[in-house]
Amino acid sequence: YNNYGILKGERFMARQRTGNSNLTKRDLEVMTILWSGEGSKTASLIVKDNPELTMNTVQAVLRKLLKDKLIKVADIVYSGTVLTRSYEPMVSQEKFWIQKLVADYQEISNKVSKADIIAALLDTSKNTEKIKEDILEIDSVLDGYKKKYL
């Protein structure tokens with residue numbers, strides 16, 4: 001395992017379970033609402049947070065995310081006078097995106113080096129202070145790997 005809880009060589013979680021690591025825009029909207037909230041949320045609370053989503057859409061997305069093991073039923077709660085499921089993410093937003101980046105990298109790893117990707121990421125910032133901070137952080141991470149492997 002690395003610092004992000006990813007097994008070496010592990011593919012993005014949803015790809016292993018469904019054969020598809022690409023979540024739809026709606027899937028990501030629901031996940032973002034679940035990540036941003038304190039505690040678990042019911043389907044009706046998700047719709048309330050984003051009125052552009054319909055209850056039918058949210059319920060279908062929740063079923064898919066449950067199947068993909070990206071969320072879990074956290075509790076059974078009352079919504080008015082009706083019992084309903086409350087959901088929470090099984091993976092943090094940071095871990096989700098890191099796993100997706102790792103899976104995407106594994107698809108192109110024979111074409112692009114890690115060093116080139118790090119350089120390209122550093123080049124995305126125009127703020128020299130931020131670049132310096134990032135270099136120091138990367139240096140610290142590399143020091144840990146040097147101690148472990150060299």
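Let me sum up the structure you'll find in this document.

## Concerning the pairing of strand 2 (residues 71-79)
Regular strands place their side chains on alternate faces of the sheet.
For step 1, the next point in the chain: Alignment of strand 2 against strand 3 (residues 82-89), held across eight bridges, turns out to be antiparallel. Pairing of Ile 76 across the sheet is with Arg 85, part of strand 3.
For step 2, the next point in the chain: Counted between consecutive antiparallel strands, the loop separating strand 2 from strand 3 contains two residues, among which Gly 80 sits at a positive phi close to 70 degrees.

## So, the packing of aromatic side chains
For step 1, the next point in the chain: Counting across every chain of the model gives three aromatic pairs.
For step 2, the next point in the chain: Note on Phe 96 and Trp 97: the rings are 4.9 Å apart at their centroids and 85 degrees apart in plane angle, and the pair reads as edge-to-face.
For step 3, the next point in the chain: Between Tyr 145 and Tyr 149, the ring centres sit 6.0 Å apart and the planes meet at 10 degrees, which makes this aromatic pair stacked. Of this pair, Tyr 145 and Tyr 149 both sit in helix 7 (residues 128-149), four residues apart, roughly one helical turn.
For step 4, the next point in the chain: Taken together, the ring pairs in this structure connect Trp 35, Phe 96 and Trp 97 into an aromatic cluster.

Cut-off values and rules
Within every chain, residues take consecutive numbers counted from 1 along the sequence as written. The predicted nature of this model means local features are confined to residues of pLDDT at least 70 and side-chain atom pairs, given and counted, to a pLDDT of 80 or more, with totals for whole chains, interfaces and linings taken over all residues. Note that the side-chain values use all heavy atoms of the structure and ignore hydrogens as well as water. Note: two strands are recorded as paired if DSSP finds a minimum of 2 bridges between them. Here a strand is any run of E in DSSP of at least two residues, a helix any run of H or I of at least four, and the numbering for each starts at the N terminus. Each Phe, Tyr or Trp ring, with Trp reduced to its six-membered ring, pairs with another whose centre is within 6.5 Å; inter-plane angles below 30 degrees give stacked pairs, above 60 give edge-to-face pairs, and intermediate values give tilted ones.

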